[in-house]
Structures are given as C-alpha cells and as structure tokens.
Amino acid sequence: MKTLEDVVYKQVSEPKEDCSGRPVLLSDETMSERYEKVLARMKEEKIDTLVIYADLEHGSNFEYLTGFLPRFEEALLVLHSNGQNYMVMGNENLNKVPFSRVKATPVHAPCFSLPNQPMEGGKSVLDILKEAGISGNARIGIVGWKNFTGSQEDNRHLFDVPSYIVDRIRLLAGETGEVFNAAYIFIGNKGVRCRNNVNELEHYEFGAALASDCILKAMNRLEVGVSEMELGDTLNAYGQKNSVVTIAASGKRFSKANLYPTENTVKVGDPISLTIGYKGGLSSRAGYAAEQSFQLPVEVRDYVDVVVKPYFCAYAVWLEQIHCGMKGDELYQLIENVLPKAEYHWSLCPGHLTADEEWMSSPVYDGSEEILESGMLFQIDIIPSVNGYGGTSAESTVALADAALREEIREKAPLLWKRIEERRNYIESELHIRLHPDVLPMCSTVAYLRPLLLSKNMAMALSPNLHEAKGE
C-alpha cells in the first residue's frame, strides 16, 4: 500500500490534449437496447406504468430514452408495460416528439409551458394524464431524478416531481392502485443507466476528454493578472452544454453570493479553483497561484506536504485498487484507511457515477454491498478539506471494463482504444501509477495534478521504481 513517502513533487511532462473533436451519436441499436432494458425492469418489478418526469435541470432519465432534454419546459414520458408510450409536452416541445429516439404518442399539456403562454386546450391536468393512459388499479412508478437513499423516511414515497403531477397521478390510481418512486430503475443498485456499452462509452468519452482538454488549457493560461472571465472563456468549448456551473475562481469565493467568473484577476498566493463539465465527465483542479511554496501565505507554506501529498496518495491507491467485482464499501474503506475522513474531512464519497449529468449516483458509500461493474463510468471525486488550507483536486473520469469489454472496445472502437492506451502509458510511465487493468482513463489528465499552478513543469507523481522496490 502507498504511503506519503512514496509521493513526490517533481518535474513532469504534461499530458497532451486528445479530445477527438468529433461527437459520437448514440446508435439506434443502443437506444433500442436502453428501451428494452427499462421494459425488462418494469416487468421484473411488476410495474404497469412508468411516468418519467423532466425539466432542463432534471431530465437525464427522460433523455436516456428520448435522446433530448425538454429545454425550458417540463415533460413526461409515460411508458406502459403493454408497449404503449406517450410524451406529454408543453407548447414549445410538442414538435420534438417525432424526433424522439423512443416512439411515443404526443399529448399536449399547455400547463407545462412557460408562464403566461397560451393555455388553451380545454383539458385539465387530470384529463391530460388520462389521455396518456394513466389509470387506476395499476402499479405506477414515478421517476424524477433523485433516488432517495436516506434512512429517516420511506424512500419509495418521497417524490422530487411537482405535486400538481404527483397528486393527480395518485387520484387516478385510486385506492386499488399504487404510486411509488421508481428512480431506482434507472440509477439505483443495478440501475439500467449504471453500465455502458461501447457506443455509450464513445459517446461519453467525447465530453470527458473535452473537459480535460479545456482544464489543461486553462491551467496553461493561468498567470498573474489573468481574469477569472478569461479563464472561464478558456474552459468553455464548442458550444456544448455544461453539466455543472463553470468555475474559474481566484482568491476568496462566493462574494455577494456570486458563483460565476468575474473581472477579478489572479494574484500571487491566491487559492485557485477551476472546473468544467460536459456530458460524460467533469475535470476539476484546485491549488494555489504560486511558483514556489515561499510565495504562499506563511501559514500554508506546507500545503503540498499537509494537503496535496495525502490526497495524491489516496488518488493513486484508488486507481491501482479499483476493479470490476469490488464492493462499494471495499473502495470506501480503502480510501478511509489512507485518507481518514476524521483528519481530511472529505464529506461526500470517494467516487461516483457520471453520464449525461455530472453526478448520477454512487455505489461507493459506507457499508455498500453494491458491486462495481464493467461498463461503469466514474468520477474520481475525493474532496479533502483541511482547516486553514486551500483545496486540492484532480477530479477526472475513468471507466471500468473487464477483459471482455476491453476486447470489444478494441474491435469496435479502435481509435478510442488507442487514446486509452496512450493515457494509460502516460500515467504509468510519467506518474508511475500502476493502473489496475480494469481502469480505462476517459481523458488525458487523469492523475495530473499541479498544486502550485504557476509552476507549470512540476506536478505530483509516485517515486520511480516504487513498485519494484516494494516487490509489487
């Protein structure tokens, strides 16, 4: 197992930008496979009707089947176990139904539209839901975006869907029907969205690699005097939709509750935060604007030793130990052992799944019996918080793939496989992290961490020949 003595801060050649620049669309075969997976889970759970809610911020389960988000309106995709499907759409999304990747009958719902748009149509919400085939004496699962997992409530009866919809679905179900939260079908343990085929990995790798390239560009642009807005401009690319708020912050954050880049400029000794996310993955870096530790405020001049080295040690352990078939709790306890929460105060979880949204769900939590499976797409999201010090982060995206999936990628997506091999070679030869064979880097900056961001030829790594010295 790695120790702090194994971690060094040294001259490191930076990785190369390697986004293909070509988005990969999801095939008809993949979309059909997705639909069949959902129908199979409905049958397994004895669900008669599945009502999938969406708005722009909470539409990924809807998008998983339709291929698009409903922009600024609300929407419902209603699936019935008999194969009948309906899309309940507002004024400005009704015309998208013919383009949906899952075939469905359109149902107009003016109430899903923006305030004060025309509400003509003469149908109540109840009548609209009836038109979508929702009726009594049925098991009706409602899917928003959140799979509630707390221990204080009956999670199957917590809903993150507007009450005007839930209340009327309950009314239609009546005393003989059942209405419950069914988000677990998509993102819970064994959720249909938790594993990806080759086409899906290609699709998501574009965004993960783009985010990585943008973060590397921003790191290289970072100089004393550059503004947060200039850095933010560097982080955004190709008009792609962001999966999170773009962060380009120097110095004190959240002044007057502002979350966005401003005209504030980088100054020596400032803590720096950079984050960009696209469909398929996010990249984030945190450190200080300095070339040498003596340029930091005196109270944090040991930042690299106190914060960064322990974090990078845990990060390397994560990459070397995670594998298909591992229990979520095993990975959780592994990070707890090398980076104790009581000392480093990471409050979330050491890794979560990503897809169309930045944080989909996570099988990694204390006591988790969930199995890490081939095809899962992970964010390495360990966030230490040491009192008095700025943060550190090298959040990036990797996929897990067993031997069979790796061979399938080689055959079906040779260009993707070539990029993966080059990334693995960089991590192993330049950073001296011996990746588990199941770990496929989805971008070039996995594990690349500059703690002092003005020193652009220095980064964290493990000691060369470490594994040979330890007989590993």
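See the structure printed just above.
This one's a predicted model, so the numbers in the text were calculated from it and none came from an experiment.

*Asks:* Help me understand the packing of aromatic side chains, please; the structure alone is not making it clear to me.
*Replies:* Aromatic ring pairs: the centre-centre distance and the angle between the two ring planes describe each pair. Scanning the entire structure with this criterion turns up eight aromatic pairs. When the ring of tryptophan 318 is compared with that of phenylalanine 378, the centres are 6.1 Å apart and the planes differ by 75 degrees; the resulting orientation is edge-to-face. Separated by 60 residues along the polypeptide, tryptophan 318 in helix H8 (residues 303-321) and phenylalanine 378 in strand E12 (residues 377-379) bring together distant segments of the chain. Where tyrosine 332 meets tryptophan 346, the ring centres are 5.4 Å apart and the plane angle is 70 degrees; that geometry is what we call edge-to-face. A residue pair is termed long-range when its members are at least 10 positions apart, and tyrosine 332 in helix H9 (residues 328-338) and tryptophan 346 in the loop between helix H10 (341-344) and strand E11 (352-353) qualify at 14 residues. Look at tyrosine 332 and you get buried, because its relative accessible area is 9%. Three or more aromatic residues joined by ring pairs make a cluster, and in this case those are Tyr311, Phe312 and Tyr315. Directly above the ring of tryptophan 346 sits lysine 341, whose terminal nitrogen or CZ lies 4.8 Å from the centroid.

*Asks:* Help me understand the sheet that holds strand E15 (residues 439-441), please; the structure alone is not making it clear to me.
*Replies:* Sheet strands pair by backbone hydrogen bonding; their relative direction is either parallel or antiparallel. Strand order in the open sheet formed by four strands is E11-E12-E14-E15, and the pairing between neighbours is antiparallel. In this open sheet, the two strands that pair with only one neighbour each are E11 and E15. Summarising the sheet, strand E14 (residues 397-400) and E15 pair through three bridges and their orientation is antiparallel. Looking at E15, one finds that leucine 400 is bridged to valine 439.

*Asks:* Just checking my understanding: could you explain a nonpolar patch on the surface for this structure?
*Replies:* Judged by side-chain polarity, Val245, Phe254, Leu259 and Tyr260 come together as a nonpolar surface patch covering roughly 400 Å² of accessible area. Inspection of the secondary structure assignment puts phenylalanine 254 in the loop between strand E8 (247-250) and strand E9 (271-278). Among the residues examined, phenylalanine 254 registers a relative accessible area of 48% and is labelled partly exposed.

*Asks:* What am I meant to see in the layout of surface pockets here?
*Replies:* Taken as a whole, the largest pocket spans an internal volume of roughly 960 Å³. Together, 32 residues line the largest pocket, and Glu63, Leu69, Lys241, Lys279 and Asp356 are the ones closest to its centre. Of all elements in the fold, only helix H1 (28-44), helix H2 (60-66) and helix H6 (198-221) reach the threshold of two or more residues within the lining of the largest pocket. Sorting elements by how many residues they give to the lining of the largest pocket places H6 first, with four residues. Here the lining of the largest pocket is composed, by residue class, of 14 nonpolar, nine polar and nine charged. Considering only enclosed or pocket space, the second largest pocket measures out at about 710 Å³ in volume. Considering the residues around the second largest pocket, the lining is formed by 32 residues, among which Arg253, Ser273, Ala286, Ile383 and Gly391 are closest to the centre.

Cut-offs used in this document
- Residues numbered from 1 in each chain as written.
- Predicted model: local features only at pLDDT ≥ 70, side-chain atom pairs only at ≥ 80, totals over all residues.
- Heavy atoms only, no water.
- Phe/Tyr/Trp six-rings, centres within 6.5 Å; stacked < 30°, edge-to-face > 60°.
- Helix = DSSP H or I, 4+ residues; strand = E, 2+ residues; numbered from the N terminus.
- Buried < 20%, exposed > 50% of the residue type's maximum accessible area, 1.4 Å probe, protein only.
- Lys NZ or Arg CZ within 6 Å of the ring centre and 35° of its normal.
- Pairing = 2+ DSSP bridges.
- Patch = residues over 30% accessible without salt bridge, like charges linked within 9 Å, V, L, I, M, F, W, Y side chains within 5 Å.
- Areas by Shrake-Rupley, 256 points an atom, 1.4 Å probe, with all protein chains shown as cover.
- Salt bridge = Lys/Arg side-chain N within 4 Å of Asp/Glu carboxyl O.
- 1 Å grid on protein atoms, 1.4 Å probe; cavity = no way out; pocket = protein on both sides within 12 Å on 5 of 7 lines; lining within 4 Å.
- Points joined across faces, edges and corners; volume = space filled by probe spheres on them.
- Nonpolar A, V, L, I, M, F, W, Y, C, P; charged D, E, K, R; others polar.

Just geometry here; none of it tells us what the structure is for.
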